[in-house]
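Topology and contacts: notes
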There are 2 protein chains.
Amino acid sequence: MLIEHLSIIGVGLIGGSLARALRQAKLVGRVTGCNRNEETLKQAMDLNVIDDYSMDVAEAVRYADVVVVGTPLSTSVSLLPKIAEAMSNRTILTDVGSAKGSIVDAARNILGKRINQFVPGHPIAGTEQSGVGASFAELFVKHRVILTPLPENNDAAIRLITEMWQAVGADVINLEVKHHDDVLAATSHLPHMLAYALVDCLAGMEEREEVFKYAAGGFADFTRIASSSPEMWHDICLSNQASLLESVKLFSEHLQTLQNAIEQKDSVAILKIFQRAKQARDKFAHKKLV
Amino acid sequence: MLIEHLSIIGVGLIGGSLARALRQAKLVGRVTGCNRNEETLKQAMDLNVIDDYSMDVAEAVRYADVVVVGTPLSTSVSLLPKIAEAMSNRTILTDVGSAKGSIVDAARNILGKRINQFVPGHPIAGTEQSGVGASFAELFVKHRVILTPLPENNDAAIRLITEMWQAVGADVINLEVKHHDDVLAATSHLPHMLAYALVDCLAGMEEREEVFKYAAGGFADFTRIASSSPEMWHDICLSNQASLLESVKLFSEHLQTLQNAIEQKDSVAILKIFQRAKQARDKFAHKKLV
C-alpha cells in the first residue's frame, strides 16, 4: 500500500480523479474527502471516489498520511492554518495549484519549521469541465505533473509524492518555484487570458449573434479554454500576478509588431512572423503528436 | 448533371475537396485543373481529383461552365484579367477567399459589365493542412459556406453556386460583402493573428525549449491555427486589412481592461470578464456541440 490514509481537501475534477486512480490501482487504503459543499461529498461517496468524509478540515486531515489540497488557490491558502494545526508530524502535504510562488510563500509563514512536510505540485491535466462528476481515473495518464520541491523537503517526502503521481500514469518532473511560474504564465495563464478577452470582446460586439453563428473552424478549439472555471482562473491570475503581467506585456508587444506590419502592408515582416510561428508550432506538434 | 465542365484554378485543399465531392456525387461531367505547379496537377490526376489539366489559366477556363478560383487571395486577384479574357459569356465564376471586399473590388474593375458572372463565396471549412494531398470529399459536410452575392448577379447564377455547395453537404448562407468581412475579421482573422503572435512570442523567449516542453492542456488546441499556411494568411490580412485592424484594436482594449484588473487585483472586474466570456462560450458550444 503506497498510502494508508489519503485525505483529499476539495473533491473536484483533480482531487476526484486522483482518488479514483489510486483506488483503482489499489495503492491507497482509505480516502477521506473534505469539501465545503456536502452534496459534492455525498456524490463522491455515491461514485465510490471516497470512503468517508468530513466537512471539517481539521478532522479530515488529522489521521492522514498524505493530504492533497485540490481547492482553488485562494481557498488552499485560507485553509493552510487549519491544516497546519491538525496534521501530524509525519503527514506529507501536497497541492495541485497552477501557480506555486504564492502558496509556497503562504505555507512558509503558516507552517514554519514544518514547511519540510509540504511538497508543492501541479498536475498539468484537466478539461474545461470541473467537479467530481467529471472526474475519471485516467485523467493523468501520460500527462505531466510538475513538482516544485523545497530545499527543506527530505528525499522520502519528495519520493512519496513522485511515486503517487507516477502510479496514476503521470510523467513527473521537478522545476524551481519561480521558474515554474514563469513558464506556466507563458504557456497556460497567458493563453487563458487571451481566450477570455477574445470571447468577451466578441460577446460585446453589436453583431454578437452572427459572430458566434458564423464562427469559423479553428474558433471552437481556440476558445475552448474560455469555458474554464472563472473562480479558479481568477485565483490563478492573482496568485501568479507578476509573471502573468510580464507575459501579457511581452505578448502585447508582439501583437503590436504584427499590427504595425499589417498597417504598413509590410509583407516581409508579416510572413516572417507567421513562418516563425508555424515552424515553432509544427515542431511542438511533432513532438507531442497533437 | 449539375455542372458539365468545372474548372478549378488552384488545386489545393479546398479546390481538391470540392472536385472530389462533386465527382463522388456524380454531379460534374469533367473537371479541369490549373495550378502553377505541374507536380500538384499530376498528383491531382493520380488521386483522380481532376480529369485533365492545363498550366495556362486561359486554356483551363475557356470551355468551363463553372470556374472555381481556389488560390490564395493575392493570386486570385492577379489571375482575374486572364480569366476575364478567356471565359465565355455563360461561365459562372466563383471563388473561395476568406475576405471578400478586396476581390470584389478588383473583379468590378477587371470584369466590368461581366461582374454579373462572378458570385463570390467563402467555404468555412479547412484544416491547418493544405494541398491536394490533404483534400477529401467530406470536407464541407455540415460546414457553412457564405456567399456574398452581388446586386448584378442574376438568380440563376446564385442558384447554381448555392446548389453546388449544398450538393457537397454544406449549409449555404448569404451575407453582404462588408458584413462578411467584419464578422470574419472578428471570428477567424483575429484569432489567427492572436495564435500567430502568441506562438511567435513564446518561440522568442529565453526558455523556449522548456516553454514548449511543459505547455499545458489547452495549449495545443489554442495554437493549432498557428500551423496554418503563412502565405494564405498573409493574403487574408492584407485583403481584409481595415476590418482586421479594427478587430485587433477592439481586442487590445479588452485585453488592456483585463490587464488593469489583474494589476489592481480587482476581483470583481476579473470575475465579471471571465464569467461573461464563459457564458458566451458555453452558449456557443451548446449550439454547435463543440
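Definitions and limits used
Residues numbered from 1 in each chain as written. Chains lettered and ligands numbered in written order. Predicted model: local features only at pLDDT ≥ 70, side-chain atom pairs only at ≥ 80, totals over all residues. Helix = DSSP H or I, 4+ residues; strand = E, 2+ residues; numbered from the N terminus. Expected span 1.5 Å × (residues − 1). Buried ≥ 20, exposed ≤ 12 C-beta atoms within 10 Å, placed from the backbone. Pairing = 2+ DSSP bridges. Right-handed = clockwise from strand over helix to strand, strands pointing away. Domains from an automatic or database assignment. Contact = placed C-beta atoms within 7 Å. Nonpolar A, V, L, I, M, F, W, Y, C, P; charged D, E, K, R; others polar. Least-squares fit on C-alpha atoms with pLDDT ≥ 70 in both. Axes fitted to C-alpha atoms, helices over the stretch in contact; angles between N-to-C directions. Parallel < 35°, antiparallel > 145°, perpendicular 65-115°, else oblique. Left-handed = near helix turned anticlockwise from the far one by under 90°. Core = buried A, V, L, I, M, F, W, Y, C linked by C-beta atoms within 7 Å.

Residue and element names in this part refer to chain B. Under the 1.5 Å per step criterion, the end-to-end length of helix α11 (residues 241–263) is 32 Å for 23 residues, consistent within 8% with the ideal 33 Å. The set of residues buried in α11 consists of Ser-243, Leu-244, Ser-247, Val-248, Phe-251, His-254, Leu-255, Leu-258, Ala-261 and Ile-262. Looking at the residues trailing α11, positive phi occurs at Lys-265, about 50°.

Here the focus is the pairing of strand β8 (residues 144–147) of chain A. Residues and elements named next belong to chain A. Both strand β7 (residues 121–124) and β8 contribute to a ladder of four bridges, which runs antiparallel. Its bridge partner being in β8, Gly-121 is matched across the sheet by Leu-147. The pairing of β8 with strand β9 (residues 171–174) spans four bridges and is classified as parallel. Residue Ile-146 lies in a different strand from β9, and its bridge partner there is Ile-173. Crossover β8 to β9 through helix α6 (residues 155–167) is right-handed.

Below, the discussion takes up the domain arrangement of chain A. Residue and element names in this part refer to chain A. What the domain assignment reports for chain A is domain 1 (3–175) and domain 2 (179–288). With centres defined by C-alpha atoms, the gap from domain 1 to domain 2 works out at 30 Å. Residue-level contacts link 15 residues of domain 1 with 16 residues of domain 2. Elements supplying a minimum of two residues to the side of domain 1 that touches domain 2: α4 (73–86) and α5 (101–111). Partitioning the side of domain 1 that touches domain 2 into residue classes produces five nonpolar, eight polar and two charged.

Residue and element names in this part refer to chain A. One open sheet accounts for six strands, arranged β3-β2-β1-β4-β5-β6; its pairing is parallel. At either margin of the open sheet sits one strand with a lone partner, and together these are β3 (52–53) and β6 (118–119). Examined bridge by bridge, strand β1 (residues 3–9) and strand β2 (residues 28–34) share six bridges and lie parallel to one another. In the strand pairing of β2, His-5 is matched with Arg-30.

Each copy superposes on the other: chain A lies on chain B with an RMSD of 0.0 Å after a rotation of 180° and an axial shift of 0.0 Å. Taken together, the rotation and translation relating the two chain copies correspond to the operation of a two-fold axis. Every residue of chain A has its C-alpha some distance from the rotation axis, and the shortest such distance is that of Phe-222 of chain A, at 2.2 Å. Of the interface residues in chain A, 100% have counterparts in chain B that sit at the interface too, so the contact is made through matching surfaces.

Right, let's get into unusual backbone geometry. Residues and elements named next belong to chain A. One non-glycine residue with positive phi stands out, namely Lys-26, at about 55°. For Lys-26, the position within the fold is in the loop between α1 (13–24) and β2. When the 10 C-beta atoms within 10 Å are taken as the criterion, Lys-26 is described as exposed. For Asn-48, which is not glycine, the phi torsion reads 65° and is therefore positive. You can see Asn-48 is positioned in the loop between α2 (38–46) and β3.

This part is about the interface of chain A and chain B. How big an interface is tends to be stated in terms of the accessible area lost upon association of its parts. Each side of the interface is counted separately: chain A has 77 residues, and chain B has 77 residues. For the side of chain A that touches chain B, the secondary-structure elements that each account for two or more residues are β8, α7 (177–203), α8 (208–213), α9 (217–223), α10 (230–239), α11 (241–263) and α12 (267–288) of chain A. Looking at the side of chain A that touches chain B, the element that brings in the most residues is α7 of chain A, giving 18 residues. In the side of chain A that touches chain B, the residues fall into 49 nonpolar, 14 polar and 14 charged.

Moving on, we get to the packing of α7 of chain A against helix α7 (residues 177–203) of chain B. Direction vectors running N to C along α7 of chain A and α7 of chain B enclose 160°, while the axes themselves pass 12 Å from each other. Between α7 of chain A and α7 of chain B, the interaxial angle falls into the category roughly antiparallel. Our pair here, α7 of chain A against α7 of chain B, has a crossing hand that is right-handed. On the side of α7 of chain A, the interface is formed by Ala-186, Thr-187, Pro-191, Leu-194, Leu-198 and Leu-202 of chain A, while α7 of chain B contributes Ala-186, Thr-187, Pro-191, Leu-194, Leu-198 and Leu-202 of chain B. For the contact of α7 of chain A with α7 of chain B, the per-class residue count stands at ten nonpolar, two polar and no charged.

Moving on, we come to the sheet that holds strand β8 (residues 144–147) of chain B. Residues and elements named next belong to chain B. The strand order across the open sheet built from three strands is β7-β8-β9, with neighbouring strands paired in mixed fashion. Where the open sheet ends on each side, the last strands, each with one partner, are β7 (121–123) and β9 (171–174). Pairwise comparison of adjacent strand axes, ignoring direction, gives a mean angle of 20° for this sheet.

Residues and elements named next belong to chain A. As for its placement among the helices and strands, Arg-208 is situated in helix α8. It is 43 Å that separates the C-alpha atoms of Arg-208 and Glu-176, two residues lying 32 residues apart in sequence. Apart from residues lying up to four places away in sequence, Arg-208 is in contact with Leu-202 and Ala-203.

Let's shift gears to the nonpolar core. In terms of nonpolar packing, the biggest core is built from 192 residues, with Leu-6, Val-67 and Tyr-196 of chain A together with Leu-6, Val-67 and Tyr-196 of chain B touching the most fellow members. Excluding anything up to four places from it in sequence, Leu-6 of chain A contacts Ala-19, Leu-22, Val-28, Val-31, Ala-64, Val-66 and Val-68 of chain A.

A separate point is the packing of α11 of chain A against α11 of chain B. Relative to each other, α11 of chain A and α11 of chain B sit at 165°, their axes nearing to 11 Å. Our classification of the angle between α11 of chain A and α11 of chain B gives roughly antiparallel. As for the relative orientation of α11 of chain A and α11 of chain B, their crossing is left-handed in sense. On the side of α11 of chain A, the interface is formed by Gln-241, Leu-244, Leu-245, Val-248, Ser-252, Leu-255, Gln-259, Ile-262 and Glu-263 of chain A, while α11 of chain B contributes Gln-241, Leu-244, Leu-245, Val-248, Ser-252, Leu-255, Gln-259, Ile-262 and Glu-263 of chain B. Of the residues assigned to the contact of α11 of chain A with α11 of chain B, the class counts are ten nonpolar, six polar and two charged.

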